[in-house]
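# Summary of the model geometry
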Amino acid sequence: MHKYKNHSEKLELIRTGKLSLSENVEYFLKRIESERQLNAFNFVFTDCINDAGLIEKKIKEGTAGRLAGMVIAIKDVLAIKEKPLTCSSNILKTFESIYTATAVQKLIDEDAVIIGKTNCDEFAMGSSNENSVFGPVLNPHDNLRVPGGSSGGSAVAVAANLCDASLGTDTGGSIRQPAAFCGIFGLKPTYGRVSRYGLTAYGSSFDTIGPFARNIDDLALLIEVISGLDEKDSTSSNQPVIDYTSSLKQKRNFKIGLPKEYFAEGLDREIRDAIEEQIERLKSSGNEIIDISLPHTEYSIPTYYILTTAEASSNLARYDGAHYGFREKQSNNLNDMYRLSRSKGFGSEVKRRIMLGTYVLSAGYYDAYYRKAQKVRRLLKQDFDNAFKMVDLILTPTTPTTAFKIGEKSTDPLEMYLMDIYTTSANLAGIPGINIPIGKNSEGLPIGMQAMSKEFDELSLLQFSSQL
Ligand code: GLN
């Protein structure tokens, strides 16, 4: 009953009276209810059904926005006025936001229907969505497996057809990795392309907001809508926003780089085979494939975990029990109140990162760790700058393995951190990256391929994916 290939087809069905938006929203609300075991949503906005009638009328009158009637879920680290904003943390479990994030406001301004807030790893720290005060999210392809993280709920909401699209955030892979584990498209834009106003800060020099979708047309439309300069975020860029949707179908041949460091030991055999198959297809359709090297790749994980924990330790200092969020009332003095509120409010992974970050910033270790990592970040960026002198795109696996079992890595943080081996480098360099679903392995689990481009060249990623 609710079959459409992309948003423009949906709009046409509504406009011609073949699809009722109210029924469509009801359908998604019922799907969320019947798939509750997936635990994809922290909060469902059942009253969004009230927006449907009005938007439907606008569509028929021809006055509706570009996203009219698109049903979208929002990761619970993004602020929406007078709605809960928990970051899946006990410390913000009862917190409500007093303003709306710019990216979300842009969706609302284009008449999207916001259906709820999705589960995620606490403060976006994790690769499995197991670090949530609301419990783990299940992978719809195999309920014993993780959906990836930290934007696990946003990926599952789209993969399990609980909405049309969603927003997630990506600091080190949190859009691309869950998109790969769930078999959908996910785009991490260039740093500064999308305003971070209203995004709860984790690693401020890494954080980005981006869309998940089941088709590339909707992904292009969403990134077009949420991009742009915002006076409320001084790091947002004034680069003009490209009309991605109308240039999407342009046929192009690409120069594609394959970095040898991303195809080394540790990569799952079936993922390697699936990517090689794509490479053969790309060659035979006229693209040029070039072997390249990104020599500092091995340092990306340590550099990422030094710099982001440092930034997190500072960003999360604001949760002290005094201003907002959870406060431990059974305390004898102010210091006790801070200590107990934070001890009980934060989960163990968040505490581990605050301690790591505090350590690398402390006198005596600052030069050895923090300053050195900043220098390595620069070298990693240079690797990409050099590569993009020769190629338009860099193609890699998105993840070293397909979705792993719930509980399999949660007791070993290092094992978990290694899941980010192919994704953190784009955040260190500030460049965009996309996950393209390219099939399934012998167990029926999705396989993802990553494409990266130079800064502000999201268009190439979208055109390439569309062509593929
Ligand atoms: N998995 C990575 C981490 O744990 C990335 C998180 C993210 O992108 N928000 O930090």
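Heads up: the structure comes first, above all this text.
Residues numbered from 1 in each chain as written. Predicted model: local features only at pLDDT ≥ 70, side-chain atom pairs only at ≥ 80, totals over all residues. Heavy atoms only, no water.

## Focus: the nonpolar core
Nonpolar side chains tend toward joint burial in soluble globular proteins. The biggest cluster of nonpolar side chains holds 98 residues, and the ones touching the most others in it are L107, F123, L462 and F464. Looking at this core, the element that brings in the most residues is helix α7 (residues 216-226), giving eight residues. In this structure, F464 is in contact with F254, I256, L282, L393, L395, I436, M449 and A451, ignoring residues within four places of it in sequence. If you look at the next biggest cluster of nonpolar residues, it comprises 34 residues, including A40, A160, C163 and I184. (Core = buried A, V, L, I, M, F, W, Y, C linked by side-chain atoms within 4.5 Å. Buried < 20%, exposed > 50% of the residue type's maximum accessible area, 1.4 Å probe, protein only. Helix = DSSP H or I, 4+ residues; strand = E, 2+ residues; numbered from the N terminus. Contact = heavy atoms within 4.5 Å.)

## Digging into the pairing of strand β8 (residues 288-292)
Summarising the sheet, strand β7 (residues 255-259) and β8 pair through five bridges and their orientation is parallel. Its bridge partner being in β8, G257 is matched across the sheet by I290. (Pairing = 2+ DSSP bridges.)

## A closer look at the layout of surface pockets
Reported here for the largest pocket is a volume of approximately 330 Å³. Lining the largest pocket are 20 residues, and of these Y99, G198, L199, T200 and R318 sit closest to its centre. Across the lining of the largest pocket, the residue classes break down as 12 nonpolar, three polar and five charged. (1 Å grid on protein atoms, 1.4 Å probe; cavity = no way out; pocket = protein on both sides within 12 Å on 5 of 7 lines; lining within 4 Å. Points joined across faces, edges and corners; volume = space filled by probe spheres on them. Nonpolar A, V, L, I, M, F, W, Y, C, P; charged D, E, K, R; others polar.)

## So, the sheet that holds strand β3 (residues 113-118)
Taken together, 11 strands build an open sheet; the order of strands is β1-β3-β2-β4-β6-β5-β10-β11-β9-β7-β8 and the sheet is mixed. Pairing within the sheet leaves two strands with one partner each, and these edge strands are β1 (41-44) and β8. Between one strand axis and the next, the sheet turns by 30 degrees as a mean value, whatever way the strands run. Where strand β2 (residues 71-75) and strand β4 (residues 165-170) come together, three bridges link them in parallel fashion. (Axes fitted to C-alpha atoms, helices over the stretch in contact; angles between N-to-C directions.)

## Description of the site of the ligand
As a structural note, the neighbourhood of the ligand is formed by 15 residues, with S127, T171, G172, S174 and Y304 the closest of them. For the ligand, whose free accessible area comes to 290 Å², the fraction covered by protein is 100%. Here the ligand occupies the largest cavity. (Near = heavy atom within 4 Å. Areas by Shrake-Rupley, 256 points an atom, 1.4 Å probe, with all protein chains shown as cover. Sits in = over half its atoms within 2 Å of the grid points.)

## Focus on the pattern of salt bridges
One pass over the structure, following the stated rule, counts 28 salt bridges. A salt bridge links E12 to R15; its shortest N-O distance comes to 2.7 Å. Of this pair, E12 and R15 both sit in helix α1 (residues 7-15), separated by three residues, roughly a single helical turn. Among the residues examined, R15 registers a relative accessible area of 45% and is labelled partly exposed. Residue K58 pairs with D111 through a salt bridge whose shortest N-O separation is 2.9 Å. Taken as a pair, K58 in helix α3 (residues 49-61) and D111 in the loop between α4 (102-109) and β3 lie far apart in primary sequence, 53 residues in all. Classification of K58 as partly exposed rests on a relative accessible area of 29%. Here the salt bridges do not stand alone but share partners, grouping K10, D164 and R214 into one network. (Salt bridge = Lys/Arg side-chain N within 4 Å of Asp/Glu carboxyl O.)

## Remarks on the environment of S166
Within the secondary structure, S166 is located in strand β4. You can call S166 buried: its relative accessible area is 0%. For the pair formed by S166 and V156, sequence separation is 10 residues and the distance between their alpha carbons is 9.5 Å. Setting aside residues up to four positions removed in sequence, S166 forms contacts with I72, A73, S154, V158, G210, P211 and F212. Only 2.9 Å separates the side chain of S166 from the backbone oxygen of S154, close enough to count as a polar contact. (Polar contact = N/O pair within 3.5 Å; in protein donor to acceptor, adjacent residues only side chain to side chain.)

## A look at α3
Of all the residues in α3, the buried ones are A52, I55, E56 and I59. All buried residues of α3 fall inside an arc of 110 degrees around its axis, so they share one side. Away from the buried face of α3 by more than 90 degrees, exposed residues N50, L54, K57 and E61 are located. Phi turns positive, to about 80 degrees, at G62, one or two residues after α3. (Arc of directions from axis to C-beta.)

## Thoughts on unusual backbone geometry
Each neighbour pair has its own omega, and for G149 with S150 the value is 5 degrees, a cis peptide bond. Phi at D111 is positive, roughly 70 degrees, even though this residue is not glycine. Residue class for D111 comes out buried when judged on its relative accessible area of 9%. The phi torsion at F123 lies on the positive side, around 50 degrees, for a residue other than glycine. Checked against the element boundaries, F123 lands in the loop between β3 and α5 (152-159).

## Describing the packing of α7 against helix α16 (residues 458-467)
With their axes 10 Å apart at the nearest point, α7 and α16 run at an angle of 165 degrees to one another. The angle between α7 and α16 falls in the class roughly antiparallel. Considering only the axes of α7 and α16, their crossing is left-handed. Seen from α7, the contacting residues are I216, L219, A220 and I223; seen from α16, they are L462, S465 and S466. Within the contact of α7 with α16, the residues separate by chemical class into five nonpolar, two polar and no charged. (Parallel < 35°, antiparallel > 145°, perpendicular 65-115°, else oblique. Left-handed = near helix turned anticlockwise from the far one by under 90°.)

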